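Spelled out from the first residue to the last, the chains are:
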Amino acid sequence: MAQTHSQDADVYFVPAQSKWPFVGSIAMFVLMIGVASWLNDAAWGKWTFLVGVVLLAATLFMWFGDVIRESVAGRYNGQVDVSFRMGMVWFIFSEVMFFAAFFGALFYTRTFSLPWLGGQGDGVMTNALLWEGYSAGWPTNGPAMVGGTFQTIPAWGLPLINTLILLTSGVTLTIGHHALKAAQRGTVLLWLGITVLLGLTFLYFQVTEYAHAYHALNLTLGSGIYGSTFFMLTGFHGAHVFLGTLMLAIMWLRVLKGHFTKDHHFAFEAAAWYWHFVDVVWLALFLFVYVL
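In this report, we go over the structure that sits alongside the text. (Residues numbered from 1 in each chain as written. Predicted model: local features only at pLDDT ≥ 70, side-chain atom pairs only at ≥ 80, totals over all residues. Heavy atoms only, no water.)

### Details of the packing of aromatic side chains
Throughout the structure, instances matching the rule amount to 25 aromatic pairs. Between Phe230 and Tyr290, the ring centres sit 5.6 Å apart and the planes meet at 80°, which makes this aromatic pair edge-to-face. Placement of Phe230 in helix α7 (residues 224-256) and of Tyr290 in helix α8 (residues 266-291) is noted, with a sequence separation of 60 residues between them. Residue class for Tyr290 comes out buried when judged on its relative accessible area of 8%. An aromatic cluster of at least three residues, connected via ring pairs, comprises Trp138, Phe150, Trp156, Phe202, Tyr210, Tyr214, Tyr226, Phe230, Phe231, Trp282, Phe286 and Tyr290. Above the face of the Trp20 ring, Lys19 is positioned so that its terminal group lies 4.4 Å from the ring centre. (Phe/Tyr/Trp six-rings, centres within 6.5 Å; stacked < 30°, edge-to-face > 60°. Helix = DSSP H or I, 4+ residues; strand = E, 2+ residues; numbered from the N terminus. Buried < 20%, exposed > 50% of the residue type's maximum accessible area, 1.4 Å probe, protein only. Lys NZ or Arg CZ within 6 Å of the ring centre and 35° of its normal.)

See the structure below:
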């Protein structure tokens, strides 16, 4: 069934009471308790985290299933469409602030903390009393050599390949979007499918890079400040790529089922916005983490 909109533009759709916000909050609580405990080497942390992931995935699947059924049933009107768009804008803004915090930590470390520890400017006393002779070069695992020596990943290998993959995926997704607006469903399925495959390829290369970093370069999450910022930035970005790929795969299935028309397909647009945001974050990450 193609997506339709309610003809009554003056009546705002009020959904029935839902248990999913309550269940979702419990799932997120379990997930965060699990990941915090896992990082602190609690024996039960890993399994608690996995239980939280399963609960959250099931909640999202059922919750968004309800939204899709309401949409294809024609219960939404223009007011609901506007609220969805505002919601997605604020969601992406919150993601911008999320990554800004980690980029900010990287900036603060390289611009202020390292010079202080290295005895430059206001850090002369810090260097003399605490870390005499410390060379404040980047990348660093800190004055105490936290995690031991390590090697970095060259920017012009897999990171460059992944950059080209994400840039290409943005192009293929845009082609698919234009095809959807032209009501060419077969073309949409082709280019959207290619975009999903590119996202999976990116994730495969990132897993390969992580395995090489851990086993061959001794670059781990415990490799001082460099290892922490590197894996937090690239790891959270990888999680966003996974989520974006999942969203696009669901959009592919919805296009296959004929849920969208050329005039009404905001779910597709929202997934595309998110994917382009992920692309932009990677460009900043490639520049400030791998190149500089």
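Having seen it, we continue.
### Quick word on the packing of helix α1 (residues 20-39) against helix α2 (residues 45-72)
Put simply, α1 and α2 touch, their axes get as near as 7 Å, and they point 155° apart. Classified by the angle between their axes, α1 and α2 sit roughly antiparallel to one another. The crossing of α1 and α2 is left-handed. In terms of residue class, the contact of α1 with α2 is built from 16 nonpolar, seven polar and two charged. (Axes fitted to C-alpha atoms, helices over the stretch in contact; angles between N-to-C directions. Parallel < 35°, antiparallel > 145°, perpendicular 65-115°, else oblique. Left-handed = near helix turned anticlockwise from the far one by under 90°. Nonpolar A, V, L, I, M, F, W, Y, C, P; charged D, E, K, R; others polar.)

### Section: unusual backbone geometry
Cis geometry is found at the peptide bond from Trp138 to Pro139, where omega equals 10°. Considering the arrangement of structural elements, one finds Pro139 in the loop between α4 (124-129) and α5 (158-181). Phi angles above zero are rare outside glycine, and Asp41 is one such case at about 65°. Along the polypeptide, Asp41 turns up in the loop between α1 and α2. For Ala183, which is not a glycine, the phi torsion comes out positive at approximately 60°. Assignment of secondary structure puts Ala183 in the loop between α5 and α6 (185-216).

Bear in mind that shape data such as this cannot, by itself, settle questions of function.
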